[in-house]
Amino acid sequence: SEEKSLNFIEEIVENDLNSGKYETLVTRFPPEPNGYLHIGHAKAICLNFGLTQKYGGYTNLRFDDTNPVTEKTEYVNSQQEDIRWLGFNWKNELYASDYFDELYGFAVKLIEKGLAYVDESAADEIAALKGTPTEPGQDSPYRNRSIEENLDIFTKMKNGEFPDGAYILRAKIDMASPNMLMRDPIIYRIKHAEHHRTGNKWCIYPMYDFAHGQSDSIEHITHSICTLEYVSHRELYDWFIEKLEIFPSKQYEFARLNLTSTVMSKRKLLQLVNENLVNGWDDPRMPTISGLRRRGFTPKSIREFCERIGIAKRENLIELSLLEFCIREDLNKTANRVMAVLDPIKLVITNYEKGTEDLIGENNPEAEDGGGTRVIPFSNELWIEREDFMEVPAKKWFRLAPGAMVRLKFAYIVKCEDFVKDENGNVTEIHCTYIPESKSGSDTSGINVKGTIHWVSAPHAKTAEIRLYDRLFVSETPDAEEGDFKDYLNPESLTVLPNAYIEPALADADLDGRYQFIRKGYFCLDKDSTADKLVFNRTVTLKDTFKK
Ligand code: ATP
Ligand code: MG
Ligand code: MG
């Protein structure tokens, strides 16, 4: 990627390294452990880890765990697993909660400098004095408390002498600032809650703005990269660092990833999980990294996607079909071609008297190493797709119909002689004859047919459940719709085909395997599989069907 132009963050980093401003590049990925990571986080992961892979230095994993109520160790573990699976390694595993003592010290330092005060106004009183973006706010009646009194109350807050909400600690900045966030922001609040790591040691917790920049500074993060919502927080980020006289980390903002037909906030994804609208965080329809993994996406395809969307300074909306393009490209080169019949109907070859024979199939003509071959058993009773037969053929129909000929992939040409219907008029069986000289690879029949269909030998077939997925939402932008985003869920996002037949080679499938079911798409084994019943997920169809 030598000739690829730099993104704006790479330009900043190169300038800072070339000018000697920093010797070592240090970035961090700072998830809050309040849910599973999603494809938007993958973008931030690829950006932060990608920079230090390219320019040297290192990336920390820092759990931004300053809100005890929403955070769980389950999420910490899943987030680590997902980052590793994407192919990245962090230098240090850190927790903002490890800095609670230091952050408390920073708060005391601000009080001692006359730059923070304790406020006991009710929340609505504080809001009323805050002003509006066009009108300045007004000072709190507690703004000019003495340093001693502030220190005394703040110590009592820490010691648990007050209930939740009785006091807050605020930075003393400027109630007339045009930036609302600079109007004496809250930096500590009382919250009697057990923390997933510090237990009951603390009953006061720092606010995001007081924890994030200072954590960056403690770790000597050189470039603290976050999404555009934090542009207005940068002034406050710099203010704390300046007043505390600590390492000058710098914040840079890029456009978050927005993807069509899904939602990406952990809060919303949690609602889908809690309300059983999906089957857990790793439901293959979820935009979570664990959901994409279960669906059959590869780390490489997700990294490629993040590379292609690039780093922008303006909000944008990326098509889900680009993510699908990336996985198709990858699997086209790596997935073995196999045969599976999803909606089966029986085909009987009336003149085939050999019993069974072993045919040879190419595994993957697109593979760099040629892909190799495998044995595929053939017999006089096959399963084919119901949709490959038409009793009354349409125009330009090249598949099976009464009197029509078709090639069976890797096998012979067959001619439809007859079919059987049940009492409801449904076709239940198709009777064919085969042309013995038409065997694939040694065809001397001289017959040309236009259609090729896939099949599975009935006595050799294994049964499987197949799960097909569609977009999770019917709206391209469920977040932007009127009312609840959940009203726009796609009721047909999951289709289960309980009685598919797969070729016997697939009995050995494992969770890492990726397969192209010929003509049907790319599939992978699902973790719900048992020895008796294999379950396959469709990762993606072979062609882009969304655009049509
Ligand atoms: P969410 O509301 O989806 O949970 P968040 O920003 O609150 O998002 P964090 O766990 O705080 O989630 O995010 C960790 C990092 O991932 C942050 O640096 C954040 O900027 C980044 N990030 C989160 N969502 C996206 C996204 N959609 N695109 C790019 N980066 C993102
Ligand atoms: Mg966050
Ligand atoms: Mg969030």
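This structure is a prediction, so every number in the text was calculated from the model and none was measured.

Reading the values: the criteria
- Residues numbered from 1 in each chain as written.
- Chains lettered and ligands numbered in written order.
- Predicted model: local features only at pLDDT ≥ 70, side-chain atom pairs only at ≥ 80, totals over all residues.
- Helix = DSSP H or I, 4+ residues; strand = E, 2+ residues; numbered from the N terminus.
- Pairing = 2+ DSSP bridges.
- Axes fitted to C-alpha atoms, helices over the stretch in contact; angles between N-to-C directions.
- Contact = placed C-beta atoms within 7 Å.
- Near = placed C-beta within 6 Å.
- Nonpolar A, V, L, I, M, F, W, Y, C, P; charged D, E, K, R; others polar.
- Parallel < 35°, antiparallel > 145°, perpendicular 65-115°, else oblique.
- Left-handed = near helix turned anticlockwise from the far one by under 90°.

Participant: Help me out: how do you make sense of unusual backbone geometry in this one?
Facilitator: When glycine is set aside, most residues are seen to have a negative phi, and most peptide bonds are trans. You will see that Asn276, though not glycine, has its phi angle at about 55 degrees, which is positive. Tracing the chain through its elements places Asn276 in the loop between helix H9 (266-274) and helix H10 (289-295). At Lys396, a position not held by glycine, the phi torsion is positive, near 60 degrees. Relative to the assigned elements, Lys396 resides in the loop between strand S15 (381-385) and strand S16 (405-408).

Participant: Sorry if this is basic, but what is going on with the sheet that holds strand S3 (residues 93-95) here?
Facilitator: Sheet strands pair by backbone hydrogen bonding; their relative direction is either parallel or antiparallel. Here we have three strands laid out as an open sheet, ordered S1-S2-S3, and parallel in their pairing. The sheet is open, and its two borders are formed by strand S1 (26-29) and S3, each paired with just one other strand. On average, adjacent strands in this sheet sit at an angle of 35 degrees to one another, irrespective of strand direction. Taken together, the three bridges between strand S2 (residues 58-63) and S3 define a ladder with parallel strand orientation. From the neighbouring strand, Leu61 faces S3, where its bridge partner is Glu93. Helix-sheet contacts for helix H2 (residues 39-55) involve S1 and S2, and the interaxial angle to S1 is about 160 degrees.

Participant: Sorry if this is basic, but what is going on with the site of ligand 1 here?
Facilitator: Surveying the vicinity of ligand 1 reveals 17 residues, the closest of which are Pro31, Gly40, Ala44, Arg256 and Lys266. For the shell around ligand 1, the elements supplying multiple residues, two or more each, are H2, strand S8 (223-227) and H9. Per-element tally for the shell around ligand 1: the top contributor is H2, with four residues. Of the residues belonging to the shell around ligand 1, the class tally is six nonpolar, five polar and six charged.

Participant: Where do I start with the packing of helix H4 (residues 100-112) against helix H6 (residues 147-158) in this structure?
Facilitator: When two helices pack together, their arrangement is given by the angle between the helix axes and by the axis-to-axis distance. At a minimum axis separation of 9 Å, H4 and H6 run at an interaxial angle of 160 degrees. By the angle between their directions, the pair H4 and H6 is classed as roughly antiparallel. In terms of crossing hand, the pair formed by H4 and H6 is right-handed. Contact residues: Tyr104, Ala107, Val108, Ile111 and Glu112 in H4; Ile147, Asn150, Leu151, Phe154 and Lys158 in H6. Here the contact of H4 with H6 is composed, by residue class, of seven nonpolar, one polar and two charged.

Participant: Explain the sheet that holds S16 to me, please; I cannot follow it from the model alone.
Facilitator: Strand order in the open sheet formed by seven strands is S19-S16-S17-S18-S12-S15-S20, and the pairing between neighbours is mixed. What marks the edges here is a single partner per strand, and that holds for strand S19 (452-453) and strand S20 (456-457). Relative to strand S17 (residues 413-421), S16 runs antiparallel, the two being bridged by three bridges. Across the sheet, residue Val406 finds its bridge partner in S17, namely Val414.

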